[in-house]
Amino acid sequence: MRRYIDSILSAVGNTPLLRLGALSDEADANIYLKIEYLNPSGSLKDRIAVRMIEDAEKEGKLAPGYTIVESSTGNTGTALSFVGALKGYKVLIYETTPGRVGAEKVKIMTGYGAEVRSLPPEDTDHTDKAVFGYKVEMPGRQKCLELERQNPAVWWARQFSNPSNAAAQADMAREILTQLPEGTVVGGFAASIGTGGTLRGCGETLRAHNPGCLLYGVVPSTAKKDLEMGKRMESTPVHGGLLADMVNEGFMNQLIRIKNEDAVTMTRRLRREEGLFAGVSTGANVLAAMRLCRDLGKGSTVVTIAPDNADRYFTAERYVT
Ligand SMILES: Cc1ncc(COP(=O)(O)O)c(C=O)c1O
């Protein structure tokens, strides 16, 4: 039997599912955490980078000699840089929060050989914070659109509206269902929202398994009010996408706002108690999972994810303690 892999791309996905000990006891429930930072480039976005690129290749939208472009505050840029390098594409990432998101992420992208262009601060809106990415990426998306229109050998991944994004995260749900004890009913799933691909893709598949599965979206307490439940979101070439569809369809059961300091405190607890060196969105997700446990009652099973690792945030001090 062959025990080695011949491409690191084969190591994307199939991440461990960890049952949290003390926190499950505290909640009188079962909280499972999908450790997505164990993907090769360190985040859940490896899944969508592989899927978006390979689907675009199959559809003839991406071919040798092309440049892959995207606007990203970090993890998607890193993942596209990683997969793009392996497949021989040039990768250009617009970074829309220079100096705000850890400089480490830029170094990881350039380390994989990508070009990173930082947009000038005056062109960007810095009032959005932490895990919530859709507004801050808008100026970069505008640039991607312009580049794509100017040059036919440019492919914009369009993570915020590309159906391959949610399709890739549906695979995560299928893995979760095979990792849980047989017969387990997943009562709820919580995921922080950037594009909405994880909540949509993973959530839809978990709900197909249990139609009563509650889906909680997680955003920082500072997230803009236009993400309120029941409020329509516009969808344009640079706006909306998966997130807008989800909000407009009433797909989520609740939007949970988490304070940055609470997320940091929980992330520290996870590090000390569970040995998880995860980024701050993991703490926010686990807090939302605890909320789900309260809402579902004793003995319930709830799943959430650890999207990325903490070592890409050392220079973003408010995310680390
Ligand atoms: C750290 C982190 N957590 C969560 C998410 C949310 O993922 P999604 O874009 O699937 O909503 C992202 C996406 O940018 C992220 O970088």
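Residues numbered from 1 in each chain as written. Predicted model: local features only at pLDDT ≥ 70, side-chain atom pairs only at ≥ 80, totals over all residues.

Undergrad: Help me understand the overall build of the protein chain, please; the structure alone is not making it clear to me.
TA: Along the protein chain, the regular secondary structure elements total 10 helices and 10 strands. Compactness check: the protein chain gives a C-alpha radius of gyration of 19 Å against a globular reference of 20 Å for 321 residues, within 12% of the reference. The 321 residues of the protein chain split such that 51% are buried. The contacts in the protein chain between residues at least 6 apart in sequence include a share of 72% that link residues at least 24 apart. (Helix = DSSP H or I, 4+ residues; strand = E, 2+ residues; numbered from the N terminus. Rg over C-alpha atoms; globule rule 2.2 N^0.38 Å. Buried ≥ 20, exposed ≤ 12 C-beta atoms within 10 Å, placed from the backbone. Contact = placed C-beta atoms within 7 Å.)

Undergrad: Hey, could you run me through the site of the ligand in this one?
TA: Around the ligand sit 15 residues in total, of which Gly-194, Thr-195, Gly-197, Thr-198 and Pro-307 are the nearest. When its residues are assigned to classes, the shell around the ligand shows 3 nonpolar, 11 polar and 1 charged. Counting contributing residues per domain, the shell around the ligand is built from domain 1 (8-41 + 163-319) and domain 2 (45-156), each supplying no fewer than three. (Near = placed C-beta within 6 Å. Nonpolar A, V, L, I, M, F, W, Y, C, P; charged D, E, K, R; others polar. Domains from an automatic or database assignment.)

Undergrad: Is there a simple way to think about the packing of helix H3 (residues 75-86) against helix H4 (residues 103-111) in this case?
TA: Relative placement of two packed helices is described by the angle separating their axes and the distance separating the axes. For the pair H3 and H4, the least separation of the axes is 8 Å and the interaxial angle reads 15°. When the axes of H3 and H4 are compared, the pair comes out roughly parallel. Handedness of the H3/H4 crossing: left-handed. Here H3 contributes Gly-77, Thr-78 and Ser-81 to the contact with H4, which in turn contributes Lys-105, Ile-108 and Met-109. For the contact of H3 with H4, the residue count by class is 2 nonpolar, 3 polar and 1 charged. (Axes fitted to C-alpha atoms, helices over the stretch in contact; angles between N-to-C directions. Parallel < 35°, antiparallel > 145°, perpendicular 65-115°, else oblique. Left-handed = near helix turned anticlockwise from the far one by under 90°.)

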